[in-house]
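# Remarks on the overall topology
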Amino acid sequence: MSGCGDTRRGLTTLPLELLVAICSHLCDHCVRKHASNAWPIDEDSDLPLNDEMALPLGNTRLASLLNLSRACKRLRAVAEPLLYHSPSTSREEDAWFLLERLLNRPDLALKVAEI
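These numbers come from a predicted model, not from an experiment.

### A few points about the overall build of the protein
In terms of regular secondary structure, the protein is built from six helices and zero strands. Helices and strands appear in the protein in the N-to-C order α-α-α-α-α-α. Looking at the 115 residues of the protein, the share that counts as buried comes to 26%. Once local pairs closer than 6 in sequence are excluded, the contacts in the protein between residues at least 24 apart make up 55%.

### Some remarks on helix 1 (residues 16-24)
Listing the buried residues of helix 1 in full gives Leu19, Cys23 and Ser24. Down the axis, helix 1 shows its buried residues gathered within 130 degrees of arc, on one side only.

### Topic: the packing of helix 1 against helix 4 (residues 73-83)
Interaxial distance between helix 1 and helix 4 falls to 10 Å at its minimum, and their mutual angle equals 45 degrees. If you check the angle between helix 1 and helix 4, you find them oblique. The element helix 1 and its partner helix 4 pack so that their crossing is right-handed. Seen from helix 1, the contacting residues are Leu16, Leu19, Val20, Cys23 and Ser24; seen from helix 4, they are Arg74, Leu75, Val78, Ala79 and Leu82. Residue composition of the contact of helix 1 with helix 4, by class: eight nonpolar, one polar and one charged.

### Quick word on the layout of surface pockets
What the largest pocket holds in volume is close to 740 Å³. If you trace the largest pocket, you find 25 residues lining it, with Leu62, Leu83, Tyr84, Pro87 and Ser88 closest to the centre. Those elements that provide at least two residues to the lining of the largest pocket are helix 2 (28-36), helix 3 (60-71), helix 4 and helix 5 (92-104). Considering every element that reaches the lining of the largest pocket, the biggest residue donor is helix 3, with six residues. Its residues placed into classes, the lining of the largest pocket shows 11 nonpolar, seven polar and seven charged.

### Section: the nonpolar core
In this structure, Cys23, Leu65, Leu82 and Tyr84 are the most contacted members of the largest nonpolar core, which totals 16 residues. For this core, the secondary-structure elements that each account for two or more residues are helix 1, helix 3, helix 4 and helix 5. Ranked by the residues each element gives to this core, the list is headed by helix 4, at five residues. Dropping the residues within four chain positions of it, Leu82 is found in contact with Cys23, Ser24, Cys27, Cys30 and Leu65.

### Quick word on the confidence of the model for the protein
Confidence in the prediction of the protein, expressed as mean pLDDT, is 77, and 71% of residues score 70 or more. Counted against residues more than four places away or in other chains, residues 38-58, with its pLDDT under 50, gives 20 contacts.

### A look at the packing of helix 3 against helix 4
Packing of helix 3 against helix 4 leaves a shortest axis separation of 7 Å and a crossing angle of 145 degrees. The element helix 3 and its partner helix 4 pack so that their crossing is left-handed. Contacts from Leu62, Leu65, Leu66, Leu68, Ser69 and Ala71 of helix 3 reach helix 4 at Leu75, Arg76, Ala79, Glu80, Leu82 and Leu83. Of the residues belonging to the contact of helix 3 with helix 4, the class tally is nine nonpolar, one polar and two charged.

Criteria and cut-off values
Residues numbered from 1 in each chain as written. Predicted model: local features only at pLDDT ≥ 70, side-chain atom pairs only at ≥ 80, totals over all residues. Heavy atoms only, no water. Helix = DSSP H or I, 4+ residues; strand = E, 2+ residues; numbered from the N terminus. Buried < 20%, exposed > 50% of the residue type's maximum accessible area, 1.4 Å probe, protein only. Contact = heavy atoms within 4.5 Å. Arc of directions from axis to C-beta. Axes fitted to C-alpha atoms, helices over the stretch in contact; angles between N-to-C directions. Parallel < 35°, antiparallel > 145°, perpendicular 65-115°, else oblique. Left-handed = near helix turned anticlockwise from the far one by under 90°. Nonpolar A, V, L, I, M, F, W, Y, C, P; charged D, E, K, R; others polar. 1 Å grid on protein atoms, 1.4 Å probe; cavity = no way out; pocket = protein on both sides within 12 Å on 5 of 7 lines; lining within 4 Å. Points joined across faces, edges and corners; volume = space filled by probe spheres on them. Core = buried A, V, L, I, M, F, W, Y, C linked by side-chain atoms within 4.5 Å. pLDDT = per-residue confidence, 0-100.

See below:
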């Protein structure tokens with residue numbers, strides 16, 4: 001198995017723009033944004049072409065994005081800001097942790113697009 005510092009071809013050798021594009025498909029906020037901007041299937045339909053992408057997948061995307069952010073520094077730099085695009089929590093203690101995190105990391109606070 002290759003690591004992030006490996007010289008073989010792999011995900012981390014892709015240009016930054018491609019890594020951002022790949023990771024944005026794991027961000028629910030970005031997926032909803034792209035689905036709402038998609039072209040309709042036909043002139044009579046108001047369903048977007050990639051409507052299946054907008055279906056809720058539970059925490060699958062979030063878990064994948066979180067795992068990418070933990071893989072190595074290069075992937076963390078790309079994936080971590082996307083984790084904060086649309087933060088949500090149902091537990092009070094998680095909300096306090098999120099607030100503290102955003103106060104301590106203003107760079108991540110700037111990435112919040114919706115709450």
